[in-house]
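Read off the chains here:
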Amino acid sequence: MSNSYILAMYDIRGKQDYIYRSSRIKEIVGGSYIIKDCFDDFLFPAAREASEEELGSGQGKGIFSYRGTGDTGEPAEFTPENFADRIRRGYIGEVIYDGGGNFFVLYRDREVYREVNRRFYHRLLDGTYSLRVLTTCIDEVHFDDYRYDQRSLYEKHRRREQRESMTGPVNTLPVVQTDYGTSMPLEALQRIGERMEKVSYESKKKYEKYEKVKKDSRSYEIQIQMEGSEILDKLITEKGEESLLAVVYIDGNSMGARVESCLKQLRTADGEEDRSYVSCVRALRKFSDEIQEHYIDRRIQDVDALLEQKENGRRRFVVYAGDEVTFICNARNAYDVAVEYLTRLAEEAPEGQPRTSCAGIAIFHSHAPFREAYRIAEECCESGKKLLKAEGIENASLIDFHYCQGAFGTSLEEIRRAEDTEQSSRPWFVNCYEDGREITDDFPVKGVCVSSRIVEMMREMLSRAGRSNIKNLALSAKRSRAEFKSEVERIRAHQQEKQIDFTLGGRLDDEMQRKLIYDMVLVYDLWFDDTNVKESTKEGGEQDERQRV
């Protein structure tokens, strides 16, 4: 049966560019909260305003959201009957699904859709200045076939993406002062540290959002995050106790395929494929809640529990939504935290349904631009995903890392090409699954990369070799295969009583030994030397020297 309903999809574009346009932590945090609250702050008020203008003050209720039912007594479940009833009672639309970067709204008709968006984009421009949201809609909803409507909407949205305008809101004139990093006009004063500085309108709005969340939130978790932001601002602008920080970026694997699998499994009482809105929307909402619980909420608890046991265990979560987490911590804790996250994620997965992610770690000096460190961490994460695709591995969690020594503005691939480290032991597998079962042997996975278990075994061998020999191993590994082999034999000959075996019982050939030892020595003082618990200026210099090797 035909209807006048409109199914719309809202897509926030350029999230990372908007958040990380600045290197100031408070501004980054404010930007991430602007995106997190985008529809609450701009779309819902626009819809309520439009409905009240049409139906009268107190009569128009705007858009119904299943996440905000609270104690209102409203049924949260979506059904065509519930939707029609809400329309009769003053709502002009309903949020169908909100999760995993997707935001779907079902509107009463096209006129309402247009009026709400007109007001929404006006508020968006005023409240963010440059955040882009692309909206796509389709007419005549088929309540018996959600997947058909979803596919039609995605296809139309892809066409709109190709025609999307990338032009910014304004251009500056030669007589206008501009922000050095963004070229936006400076138009407001903002207290940064101990002084007032000129900032752009966009930056001002990010600072305002940061202060508003800090002031209004009663959540202990958010208050702790805000405290962490101030600590990190101090670390970045002043000399702190620890000169090295790390950005850890973790992103879930194959989420699109998992969503598709979730919908394909739905069946009617007769055993036929169930494509109805009622069943599909219910399944998607449940899937979204599970992702939030297992990829975000519980993992944050695991990370905090681990960091409580560490020296300098402060951290700052910058972005966490859907299956993506980004946080900053002391560089010494980054590897253990990433392994803990990926291990716990896998342990809680149902039998035969592994949960996996890839992690990227960028180690950087506190004075380096944070947005560049984030970009490197994201590229490290992506290198793990590329390996999975290249090797045809469906379910595995991997870690890659990079020690940033300059060359900002250059891609990770170009940096490694210049350093002649394209062929390395990284990324490292934390877990890998085949036919739903974890591969538990300690040999290189698919013969191409090592697991974190092998890394721990090599850690023991390096500790037996002693610190005096570790640097020489890295130097010889960089120079040539023959020199590395000679150095290994020298160490073994001089310390036969320690039973040093860099093959790890035949698990590693000569080439993989060389790659793994070189990679581990780059971060040995930070992650693998148990006797070294505190960084000094001398140790920082040793790290720099190893990276230049």
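Presented here is a report on the structure given in the accompanying data block.

Criteria and cut-off values
- Residues numbered from 1 in each chain as written.
- Predicted model: local features only at pLDDT ≥ 70, side-chain atom pairs only at ≥ 80, totals over all residues.
- Heavy atoms only, no water.
- Phe/Tyr/Trp six-rings, centres within 6.5 Å; stacked < 30°, edge-to-face > 60°.
- Helix = DSSP H or I, 4+ residues; strand = E, 2+ residues; numbered from the N terminus.
- Lys NZ or Arg CZ within 6 Å of the ring centre and 35° of its normal.
- Salt bridge = Lys/Arg side-chain N within 4 Å of Asp/Glu carboxyl O.
- Disulfide = S-S within 2.5 Å.
- Buried < 20%, exposed > 50% of the residue type's maximum accessible area, 1.4 Å probe, protein only.
- Pairing = 2+ DSSP bridges.
- Axes fitted to C-alpha atoms, helices over the stretch in contact; angles between N-to-C directions.
- Right-handed = clockwise from strand over helix to strand, strands pointing away.
- Polar contact = N/O pair within 3.5 Å; in protein donor to acceptor, adjacent residues only side chain to side chain.
- Contact = heavy atoms within 4.5 Å.
- 1 Å grid on protein atoms, 1.4 Å probe; cavity = no way out; pocket = protein on both sides within 12 Å on 5 of 7 lines; lining within 4 Å.
- Points joined across faces, edges and corners; volume = space filled by probe spheres on them.
- Nonpolar A, V, L, I, M, F, W, Y, C, P; charged D, E, K, R; others polar.
- Parallel < 35°, antiparallel > 145°, perpendicular 65-115°, else oblique.

## Quick word on the packing of aromatic side chains
- A complete count under the given rule lists 29 aromatic pairs for this structure.
- Ring geometry for Tyr10 and Phe39: centres 5.8 Å apart, planes at 65°, overall edge-to-face. A residue pair is termed long-range when its members are at least 10 positions apart, and Tyr10 in strand 1 (residues 6–13) and Phe39 in helix 3 (residues 38–55) qualify at 29 residues.
- Ring-pair connections join several aromatic residues into one group, and the members of that group are Tyr5, Phe78, Phe83, Phe143, Tyr146 and Tyr277.
- Here the basic side chain of Arg86 rests over the ring of Phe64, its NZ or CZ set 3.8 Å away from the ring centre.
- The ring of Tyr18 has Lys206 lying over it, and the distance from NZ or CZ to the ring centre is 4.3 Å.

## Let's talk about the pattern of salt bridges
- Under the definition given, this model contains 54 salt bridges.
- Because the salt bridges share partners, they merge into one network encompassing Glu49, Glu53, Glu115, Arg118, Arg119 and Arg123.

## With respect to the state of the cysteines
- Scanning the model with the defined rule gives 0 disulfides in all.
- Free of any disulfide, Cys262 has its nearest cysteine sulfur in Cys280, 8.4 Å distant.
- Cys381 carries a free sulfur, and the closest cysteine sulfur to it, the one in Cys358, is 5.4 Å from it.
- By relative accessible area, Cys381 is classed as buried at 1%.

## Brief notes about the sheet that holds strand 1
- One open sheet holds the 5 strands; their spatial order is 2-3-4-1-5, and the pairing between them is mixed. The outermost strands of the open sheet, each flanked by one partner alone, are strand 2 (62–64) and strand 5 (132–139). Neighbour-to-neighbour, the strand axes of the sheet open up by a mean angle of 30°, direction not taken into account.
- Of the strand pairs in this sheet, strand 3 (residues 91–99) and strand 4 (residues 102–107) are connected by 6 bridges, and their pairing is antiparallel.

## Notes on the pairing of strand 7 (residues 195–200)
- Sheet topology note: the strand 6 (residues 186–192)/strand 7 ladder contains 6 bridges and is antiparallel. By the bridge assignment, Leu189 is partnered in strand 7 with Lys198.
- Turn length for the strand 6-strand 7 hairpin, with the two strands adjacent in sequence and antiparallel, is 2 residues, and the turn residue Gly193 shows positive phi of about 70°.

## Remarks on the pairing of strand 12 (residues 395–403)
- The buried fraction of strand 12 is high, at 8 of 9 residues.
- The pairing of strand 11 (residues 357–365) with strand 12 spans 6 bridges and is parallel. Bridge pairing in strand 12 places Gly360 opposite Asp400.
- Crossover handedness for the path strand 11 to helix 12 (residues 370–391) to strand 12: left-handed.
- Relative to strand 13 (residues 428–434), strand 12 runs antiparallel, the two being bridged by 5 bridges. Opposite Ala396, over in strand 13, you have Cys432 as the bridge partner.

## Considering the side chain of Thr136
- The topology assignment puts Thr136 in strand 5.
- Residue class for Thr136 comes out buried when judged on its relative accessible area of 1%.
- Polar contacts involving the side chain of Thr136 include one to the side chain of Arg160, which spans 3.4 Å.
- Excluding its chain neighbours within four sequence positions, the residues that come into contact with Thr136 are Leu7, Ala8, Met9, Tyr113, Leu153, Lys156, His157 and Arg160.

## Describing empty space enclosed by the protein
- For the structure on display, the rule yields 3 cavities of 30 Å³ or more.
- Its boundaries defined by the atoms lining it, the largest cavity holds a volume of some 50 Å³.
- What lines the largest cavity is simply Phe429, Val430, Asn431, Cys432, Ile439, Asp441, Val445, Ser451 and Arg453.
- Among the elements that make up the lining of the largest cavity, the one with the highest residue count is strand 13 (4 residues).
- For the lining of the largest cavity, the per-class residue count stands at 5 nonpolar, 2 polar and 2 charged.

## A word on the packing of helix 16 (residues 481–494) against helix 17 (residues 510–522)
- Orientation of helix 16 relative to helix 17, taken along the N-to-C sense of each, is 85°, at an axis distance of 11 Å. Judged by the angle between their axes, helix 16 and helix 17 are roughly perpendicular. Contacts between helix 16 and helix 17 pair Arg481, Phe484 and Lys485 from the former with Asp510, Glu511, Gln513, Arg514 and Ile517 from the latter.

## A few points about the environment of Thr128
- Its location among the elements puts Thr128 in helix 5 (residues 110–128).
- Thr128 sits in the buried class, given a relative accessible area of 0%.
- Taking the C-alpha atoms as reference points, Thr128 and Glu202, separated by 74 residues in sequence, lie 5.9 Å from one another.
- Discounting residues that sit within four places of it in the chain, Thr128 has contacts with Tyr18, Ile34, Phe42 and Glu202.

## So, unusual backbone geometry
- Look at the link from Arg426 to Pro427: it is a cis peptide, with omega at -5°.
- As for its position among the elements, Pro427 is in the loop between helix 13 (412–419) and strand 13.
- The backbone phi angle of Ser254 is positive, close to 55°, even though this residue is not glycine.
- We classify Ser254 as partly exposed; its relative accessible area is 42%.
- One non-glycine residue, Leu504, lies in positive phi territory at about 55°.
- Here Leu504 shows up in the loop between helix 16 and helix 17.

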